[in-house]
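# Coordinate inspection notes
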Amino acid sequence: MERSIENIWKEGFQKNDDLTAPKIDNLYNQKSIHIIDKFKKMFRNNLIAIVVGSFVFLIVSCFLHIPVMGALFFLTLMVLVFINKNLLNKLERIDQGQNSYQYLNSFSHWIKKQIAINKRFSSFMYPIFFLSFVLGFWFNDAEGTYLGERLVNEILIGFPDTYLIFGVPLIAVIIAVSIMGLLAYFGGRIYMWDLNIIYGRVLKKLDELLTDLESLRS
């Protein structure tokens, strides 16, 4: 009499809390390790690219007479790298000897923490990027005087009653603060958009794998 696949499957499971079929469990272990290793490699390479890119931009900004922009970009990105390097170190310490379900669960907890931390940081990072852009061009001295001063002088010639705050037209301050506020508000969403572009496919595969394991254990 033919045995159903369901019965064969149930008989193959070990009698413990994990309810794991040895051969299937080994297959999922290998698949889990492979996908997470791929994520680690992408994550590590991304951090290296940020470090290299920030150094290059810092040097280039000096030649373009916008060192303030380069310095702020560099410092902000170095903080980002420092935060995520610590997170990567914690990911490396996750025990691969666990079964695939526990390993994926540990990774799932890690990625949720990583996303939460980076979303919060993005609320500061993107406004700082905008501020560095504004300050970079404001203090551009390629022609001997700051570009910001030249712009203000031209505005005052056309609109002599323009109200200034620390030498900056009030309307410009309002616009800049408004943009920074919007970037702070939407910073987390912008980060999630970046995350999906870079890691979306890998994270989707991990979610599908975890879903499969949860369905097998139910």
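Predicted model, so just to flag it, every value in this text is computed and none were measured.

Calculation notes
Residues numbered from 1 in each chain as written. Predicted model: local features only at pLDDT ≥ 70, side-chain atom pairs only at ≥ 80, totals over all residues. Heavy atoms only, no water. Salt bridge = Lys/Arg side-chain N within 4 Å of Asp/Glu carboxyl O. Helix = DSSP H or I, 4+ residues; strand = E, 2+ residues; numbered from the N terminus. Buried < 20%, exposed > 50% of the residue type's maximum accessible area, 1.4 Å probe, protein only. Phe/Tyr/Trp six-rings, centres within 6.5 Å; stacked < 30°, edge-to-face > 60°. Patch = residues over 30% accessible without salt bridge, like charges linked within 9 Å, V, L, I, M, F, W, Y side chains within 5 Å. Areas by Shrake-Rupley, 256 points an atom, 1.4 Å probe, with all protein chains shown as cover. Contact = heavy atoms within 4.5 Å. Lys, Arg positive; Asp, Glu negative; His and termini not counted. Charge placed at Lys NZ, Arg CZ, Asp CG, Glu CD.

### Remarks on the pattern of salt bridges
Where side chains of opposite charge bring their charged atoms close, a pairing between them can arise. The final tally for this structure, using the stated rule, is two salt bridges. Notably, a salt bridge pairs Glu92 with Lys40, separated by 3.6 Å at the nearest N-O pair. Taken together, the positions of Glu92 in helix 3 (residues 67-92) and Lys40 in helix 2 (residues 22-63) put the pair 52 residues apart, joining distant regions of the chain. Of the residues examined, Glu92 reaches a relative accessible area of 38% and is grouped as partly exposed. Lys40 sits in the buried class, given a relative accessible area of 5%. Taken together, the salt bridges that share partners define one network made up of Lys40, Arg44 and Glu92.

### A look at the packing of aromatic side chains
Tallied over the entire structure, the rule returns 13 aromatic pairs. When the centroid spacing of 4.9 Å and the interplanar angle of 70° are considered together, the rings of Phe55 and Phe74 count as edge-to-face. Taken together, the positions of Phe55 in helix 2 and Phe74 in helix 3 put the pair 19 residues apart, joining distant regions of the chain.

### Notes on a nonpolar patch on the surface
Together, Tyr163, Leu170, Ile171, Ile174, Ile175 and Ile179 line one region of the surface with nonpolar side chains, adding up to about 550 Å² of accessible area. Note that Ile174 resides in helix 6 (residues 170-217).

### Topic: the side chain of Ser54
Position of Ser54 relative to the elements: it lies in helix 2. Ser54 has contacts with Phe74, Leu77 and Met78, leaving out every residue within four places of it along the chain.

### Quick look at unusual backbone geometry
In this structure, His65 takes a positive phi of about 65° despite not being glycine. If you trace the backbone, His65 turns up in the loop between helix 2 and helix 3.

### Considerations on a positive patch on the surface
The grouping of Lys31, Lys38, Arg201 and Lys205 at the surface amounts to a positive patch. Of all the secondary structure elements, the ones that give two or more residues to the positive patch are helix 2 and helix 6.

Any functional reading would require information that these geometric values do not contain.
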